[in-house]
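Each chain is listed here by its residues.
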Amino acid sequence: MKQDELLIFKDYKTEAGSREEQTHKLFENGEVFFAIDEDVYQKDYVEVLKSNQSLEEYAKEIDRRLQLYLKE
């Protein structure tokens, strides 16, 4: 992962001993993976494979669902 893609930067400054500092130290050298529920992307995938739905339509719908999912 490139430095400009990171959400937690090495030069991030926080108040010493704060919860924010502890959280930063916990995650600064690791990768955190999040599972996305298959309902977000799998529902229409078969339709795309059958050519009943275009890939462009599928991508737009998945983007919409993903935005809703991430805001929950």
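Residues numbered from 1 in each chain as written. Predicted model: local features only at pLDDT ≥ 70, side-chain atom pairs only at ≥ 80, totals over all residues. Heavy atoms only, no water.

Visitor: Mind showing me how you'd approach the overall build of the protein chain here?
Guide: For the protein chain, the helix and strand inventory stands at four helices and zero strands. Listed by position from the N terminus, the elements making up the protein chain come as α-α-α-α. Taken across its 72 residues, the protein chain has 14% of its residues classed as buried. By sequence separation, contacts in the protein chain at least 24 residues apart represent 23% of the contacts at least 6 residues apart. (Helix = DSSP H or I, 4+ residues; strand = E, 2+ residues; numbered from the N terminus. Buried < 20%, exposed > 50% of the residue type's maximum accessible area, 1.4 Å probe, protein only. Contact = heavy atoms within 4.5 Å.)

Visitor: Sorry if this is basic, but what is going on with the confidence of the model for the protein chain here?
Guide: If pLDDT is low for a region, its predicted coordinates should not be looked at in detail. With 81% of its residues at a pLDDT of at least 70, the protein chain reaches an overall mean of 77. The secondary-structure element of the protein chain with the lowest mean pLDDT is helix α2 (residues 38-41), recorded at 76, while helix α4 (residues 55-70) shows the highest, at 87. (pLDDT = per-residue confidence, 0-100.)

Visitor: Is there a simple way to explain the packing of aromatic side chains in this structure?
Guide: The geometry of two aromatic rings is summed up by the distance between their centres and the angle between their planes. Across all of its chains, the model carries one aromatic pair by this definition. Taking 6.2 Å as the distance between ring centres and 50° as the angle between the ring planes, the aromatic pair formed by Tyr-45 and Tyr-58 counts as tilted. Note that Tyr-45 is positioned in helix α3 (residues 45-49) and Tyr-58 in helix α4, a separation of 13 residues in sequence. (Phe/Tyr/Trp six-rings, centres within 6.5 Å; stacked < 30°, edge-to-face > 60°.)

Visitor: Quick question: what am I supposed to make of α4 here?
Guide: Because the α-helix completes a turn every 3.6 residues, residues three or four places apart line up on one side. Between the first and last C-alpha of α4 there are 22 Å, a value that for 16 residues agrees with the 22 Å anticipated at 1.5 Å per step. Considered for burial, the residues of α4 that qualify are Tyr-58, Ile-62 and Arg-65. Viewed along the axis of α4, the buried residues span an arc of 70°, placing them on a single side of the element. Facing away from the buried side of α4, by more than 90 degrees, are the exposed residues Glu-56, Lys-60 and Leu-70. Each element contacted by the buried residues of α4 is listed here: α2 and α3. (Expected span 1.5 Å × (residues − 1). Arc of directions from axis to C-beta.)

Visitor: Would you mind going over the side chain of Gln-53 with me for this structure?
Guide: Mapped onto the elements, Gln-53 comes out in the loop between α3 and α4. Dropping the residues within four chain positions of it, Gln-53 is found in contact with Asp-44, Glu-47, Val-48 and Tyr-58.

Visitor: Teacher, can you tell me more about the environment of Tyr-69 here?
Guide: In this fold, Tyr-69 is placed in helix α4. With relative accessibility at 27%, the residue Tyr-69 sits in the partly exposed group. Counting along the chain gives 30 residues from Tyr-69 to Asp-39, while the straight-line C-alpha distance between them is 9.8 Å. Among residues more than four places away in sequence, those in contact with Tyr-69 are Ala-35, Ile-36, Asp-37 and Val-40.

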